[in-house]
Amino acid sequence: DKTEARVVKAAFLPPALAKRLDETCTLADWELLDEAERQTAAENARVLAVNGESVITAEFIAQFPKLELIADFGVGYDGIDVAAAHARGIAVTNTPGVLTDDVADMAMGLLLATSRQIVEAQRFVERGEWAKGGFTWTKKVSGGKLGIAGMGRIGQAIARRASGFDMVISYTDRQPIAGLPYAFAADLKTLASEVDFLIICVNGGEKTRALVDAEILTALGADGILINIARGTVVDETALIAALDAGTIAGAGLDVFEREPEVPAALYGRPNVVVTPHMASATHATRKAMGDLVFDNVAAHFSGEALITPVTPY
Ligand code: 8YV
């Protein structure tokens, strides 16, 4: 009986992970339960399996009286009310580390694709326009000034990659990070005004909501390119579209959006904008590693061992 499952899955998980959890702990899928079944399942569940895009409010958590762990298939937990969970002694785990390389790779991909207009160049070829003349000249990346907002694991992995492109790297964060060979900017506006490329890698959540607003975009300037692989909430999308319309920034490469899976149509078809469907961590190898880490955290929990990657509040 699924309503007696120890794990409730309340978001998309890779089928292989859901199957493993079901075989070892029994898993109930919230989406597939009716109201009465949900109530019983919530009463019995000890683990809630969610993902990086999940919105898990205090009210939702309150339905689960026996809950002990919220296991997040993702590094970001801005959608989870961690404070409410911790207040009830419910642990939260996420998947840091295993997706760092892929997200940093994607940031570099978007940086190159946007600056060199690779997507528009493909459309140009497909439209048969090459025979009528060469493609437009684009913006040089190597040796350029790169600003990184949020110098955590992913920001640092991007910096290492950008070093290989001889980029001059500076960053901002809550405070300077000891031992890093990059210049620290005291705030995002200063950083934006000093660089050609700005990559957003900060946590999501209320503290960073609309951090990139019209003022930051103006500081980035008409030659500046914005890349966001963090959370859509960090960028004021309306201000971004206005800046692209006005030409006050040069372009944007975005893997995340304010209201996913909705991508504003105003961002489509622009030569200087590249949009991708929140896929930075979505490689076969990394999704497998993320799934294994979720499973190992749940298994550690049920066998009374220390959690592998518990979340501590920001
Ligand atoms: C998602 C992410 O979790 O790790 C994160 O924070 O945003 C992604 O890896 C993934 O798409 C699963 O929903």
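Position numbers for residues start from 1 in each chain and track the written sequence from start to end. Where totals are concerned, whole chains, interfaces and linings use all residues; where local detail is concerned, this predicted model gives features only for residues with pLDDT of at least 70, and gives and counts side-chain atom pairs only at 80 or more.

**What to know about helix H11 (residues 284-302)**
Along an α-helix, a turn takes 3.6 residues, which lines up residues three or four apart on a common side.
Item 1. For H11, which comprises 19 residues, the first-to-last C-alpha distance of 27 Å matches the rise-based estimate of 27 Å (1.5 Å per residue) to within 8%.
Item 2. Each residue gets a C-beta atom placed from its backbone, and two residues are in contact if those atoms lie within 7 Å. Runs of E in the DSSP output that reach at least two residues are strands. Runs of H or I that reach at least four are helices, and both are numbered from the N terminus. Where H11 is buried, its residues contact strand E1 (7-9), helix H1 (15-25), strand E3 (47-51), strand E4 (69-73) and strand E5 (91-93). A helix's residues, less one, multiplied by 1.5 Å, set its expected span.

**Observations regarding the packing of helix H5 (residues 100-115) against helix H7 (residues 153-163)**
Item 1. Where H5 meets H7, the axes come as close as 9 Å, and the angle between the chain directions of the two elements is 55 degrees. By the angle between their axes, H5 is oblique relative to H7. For the pair H5 and H7, the crossing hand works out as right-handed. From H5, Thr 100, Asp 101, Val 103, Ala 104, Ala 107 and Met 108 reach across to H7, where they touch Arg 153, Ile 154, Ala 157, Ile 158 and Arg 161.
Item 2. Within the contact of H5 with H7, the residues separate by chemical class into seven nonpolar, one polar and three charged. Here an axis means a line fitted to C-alpha atoms, over the contact stretch when the element is a helix, while the angle between two N-to-C directions is reported on a 0 to 180 degree scale. Geometric relationships in this document are graded by angle, where less than 35 degrees denotes roughly parallel, more than 145 denotes roughly antiparallel, 65 to 115 denotes roughly perpendicular, and other angles denote oblique. Note on convention: the crossing is left-handed when the near helix lies turned anticlockwise from the far helix by less than a right angle, right-handed when the turn is clockwise. Amino acid classes used here: Ala, Val, Leu, Ile, Met, Phe, Trp, Tyr, Cys and Pro are nonpolar; Asp, Glu, Lys and Arg are charged; the rest, including Gly, are polar.

**Here's the deal with the domain arrangement of the protein chain**
Interface size is often expressed as the accessible area that is lost when the parts come together.
Item 1. Domain extents, as shown, originate in an automatic or database domain assignment. Domain assignment breaks the protein chain into domain 1 (2-96 + 284-302) and domain 2 (100-275).
Item 2. The gap between the C-alpha centroids of domain 1 and domain 2 is 32 Å.

**Details of the sheet that holds strand E6 (residues 145-149)**
Item 1. When DSSP finds at least two bridges between two strands, those strands are taken to pair. Taken in spatial order, the seven strands line up as E8-E7-E6-E9-E10-E11-E12 in an open sheet, and their pairing is parallel. Every interior strand has two partners, whereas the edge strands, strand E8 (183-184) and strand E12 (273-275), have only one.
Item 2. In this structure, E6 lies alongside strand E9 (residues 197-200), joined through four bridges in parallel fashion. Looking across to E9, one finds that Gly 147 is bridged to Leu 198.

**Here we look at the site of the ligand**
Item 1. Note on definitions: a residue is near a molecule or strand provided its C-beta atom, placed from the backbone, lies within 6 Å of it. Near the ligand, the surroundings consist of Asn 51, Gly 52, Glu 53, Phe 73, Gly 74, Val 75, Gly 76, Leu 99, His 278 and Ser 281.
Item 2. Class assignment for the residues of the shell around the ligand results in three nonpolar, six polar and one charged.

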